[in-house]
Amino acid sequence: MACSRDVLLELFPYLSALLIEEVERRPDKVVLRTRVQAKSGTCRCGQSSARVHGRYVRKLRDVAVGGLGVVIELHIRRFRCENTACTAVTFAEQIAGLTTPHSRLTSLLRGVLTRIGLALAGRAGARLASAVGITVGKDTLLRLVRALPEPEVGEVEVLGVDDFAFRRGRHYGTVLIDMTTHRPLHLYDGREGEELAAWLRDHPEVKVICRDRSSGYAEGARIGAPQAEQVADRYHLWANLGQAVEKTVNGHRSRLAEPPSEPADTPDEPQVVQPPTELKIVTRLREQHAAAHELWQQGMSKAAIGRKLGLHQATVRKLVNAPSADDVVAKSQQRAHVVDPYVGYLHRRWNEGVRNAAQLYREIQEQGYPGGELAVQRHLRRYRTGRGHAPDPGPKPPSVREVTSWIMTHPDHLRDEDAGKLRRLRERDPEVDRLTGHVRKFAVMMTARHGDRLEDWIAEVECDSFAPLAGFARNLRRDFAAVRNGMSLPHSSGAVEGNINRLKMLKRQMFGRASLDLLRKRVLLAR
């Protein structure tokens, strides 16, 4: 479709000020040699002048056309300013919409590269620009992003506050979100309350603050915006409840297994049962637990224990905080395996005298076994010392995390099989039944906005025998008003968590270059 000159001038107004003298096509770019048609120029003081002081050629890069870069060679005149009061003796002519002082990029190309830098940062942005015919370095893209002005904050009535990690466990920052528009407003280093309080003093219009249960944010919100209602994040409340439930279930893990459906047959002849050997990882954890507790009782610090045993500080903390080795090895012993659904069949066939792993593998493969033969060999290896029978494994108990997920899931969303297992577990264990009841009452409070029932729920849990759940309830009292608001008001921190996920993506995209100033620009402007 043909395009008239009037349309071109409407799209590119600066063309009316230029005269194209020559067009040269090169292998990698197109060069336009142009000059300005105007007879005079205008100084920054507003004085017009036609006295030419000198001339030079200025090269400007423009957006690519047909995959080729575009270079505009513009013959510029330098005029002498006739205003005696002006501090500029001479000035170079500028073309509105095309040139800016000292720039080697047209305004259009600068805008395109800035948007690429905001979306993809340095290296990825440079690769995309190269694919469309624009050669640019990664540092240039980052400089363009850093040069952008930050947007105006405006009035904010509902504010979201949360932290994010520059380096997890060591260095954190804070992001503020407008919960009405879901737009990031501010990023700052650290997660203390002083800077939050200072920001809130500059924005007295804030009426509601959605936050996690951090004491620093609570204090900063109280000092900076005493008029605002603080709302605890329901996501973190539910996550903290899940941690308490998992610790409680872990204390009952020995009672999670269902009793055998029918008693095992007693053989007429005595059989030698070969006990299974303990897994290597379980043995190693028991030894590490014993060594860590021995050094801890000698007065060594956790850091010194880690250096002596060659363990990470998080592992040492886990070992020292566990009262018994069984608490440490529980997850390893409960770890699900692809052979687990077929253990009963393998046990029966082994005791019938079938000891060939390849044959047993083919038999369970016909029953739908999805794994490989090596996993079957590893399972049977523990029975191969001696000629004894394999011990009856009995029904494998569900893992602590499985039971926790059953308790924390809405009953209508549970699979029939899992719902049946949870029902049978509640019938034979009154404590698990009471625990499930407490969790479901808390869930009703959260979803139906019954914050007025929170005090009664806390009192009921504190009177029960579940120490981890009682600890969770006592912590709710420390931030009672915010927790009650979180269960009563419609405000949620979901938009904050979404922005945190986006921030993490941007941070990892700039790995090694994600300093606070650059990260702030991309978080606030890349929408």
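The preceding data block contains the structure.
In short, a report on the structure. Here the structure is a predicted model, which means the values were calculated and not measured.

With respect to the overall build of the chain
- Per the secondary structure count, the chain includes 22 helices and twelve strands.
- When burial is assessed residue by residue, the chain has 43% of its 527 residues classed as buried.
- Partitioning the intrachain contacts of the chain with sequence separation of at least 6 by distance along the chain shows that 60% fall at a separation of at least 24.
- In the structure as shown, the chain presents an accessible area of about 29,900 Å², 51% of it carried by carbon and sulfur atoms.

What to know about the side chain of Arg33
- The topology assignment puts Arg33 in strand E2 (residues 29-36).
- Separated by 3.2 Å, the side chains of Arg33 and Glu73 make a polar contact.

Some details on the sheet that holds strand E12 (residues 229-232)
- Overall, mixed pairing links the five strands, which are arranged E10-E9-E8-E11-E12 in an open sheet. In the strand order of this sheet, the two ends are held by strand E10 (183-189) and E12, each with one partner. On average, each strand axis in the sheet is inclined to that of its neighbour by 25 degrees, with strand direction left out of account.
- Contacting strand E8 (158-167), strand E9 (171-178) and E10, helix H21 (residues 494-509) crosses the sheet at an angle of about 30 degrees to E8.

Notes on the environment of Gly154
- Mapping Gly154 onto the fold places it in the loop between helix H4 (138-146) and E8.
- Separated by 49 residues in sequence, Gly154 and His203 place their C-alpha atoms 8.9 Å apart.

Comments concerning the pattern of salt bridges
- Considering all chains together, one arrives at 22 salt bridges under this definition.
- The partner of Glu93 in a salt bridge is Arg77, and the shortest N-O contact between them spans 3.1 Å. Placement of Glu93 in the loop between strand E7 (90-92) and helix H2 (107-120) and of Arg77 in strand E6 (residues 68-80) is noted, with a sequence separation of 16 residues between them. Residues Glu93 and Arg77 agree in their burial class; the two are buried.
- As a salt-bridge pair, Lys441 and Glu460 come within 3.0 Å of each other at their nearest N and O atoms. Here Lys441 is found in helix H17 (residues 430-448), whereas its partner Glu460 is found in helix H18 (residues 454-462), with 19 residues between them in sequence.

Observations concerning H17
- Here H17 contains 19 residues, and its C-alpha end-to-end distance of 27 Å stays within 8% of the 27 Å for a straight helix at 1.5 Å per residue.
- Buried within H17 we find Val432, Leu435, Thr436, His438, Val439, Phe442, Met445 and Met446.
- Packing partners of the buried residues in H17 comprise helix H7 (234-250), helix H15 (400-408), helix H16 (416-428), H18, helix H19 (467-478) and helix H20 (480-488).
- The N-terminus of H17 is capped by Asp429, whose side-chain oxygen sits 3.1 Å from the backbone nitrogen of Glu431.
- Note on H17: the residue one or two positions beyond its end, Arg449, has a positive phi of about 60 degrees.

Conventions and cut-offs
Residues numbered from 1 in each chain as written. Predicted model: local features only at pLDDT ≥ 70, side-chain atom pairs only at ≥ 80, totals over all residues. Heavy atoms only, no water. Helix = DSSP H or I, 4+ residues; strand = E, 2+ residues; numbered from the N terminus. Buried < 20%, exposed > 50% of the residue type's maximum accessible area, 1.4 Å probe, protein only. Contact = heavy atoms within 4.5 Å. Areas by Shrake-Rupley, 256 points an atom, 1.4 Å probe, with all protein chains shown as cover. Polar contact = N/O pair within 3.5 Å; in protein donor to acceptor, adjacent residues only side chain to side chain. Pairing = 2+ DSSP bridges. Axes fitted to C-alpha atoms, helices over the stretch in contact; angles between N-to-C directions. Salt bridge = Lys/Arg side-chain N within 4 Å of Asp/Glu carboxyl O. Expected span 1.5 Å × (residues − 1).

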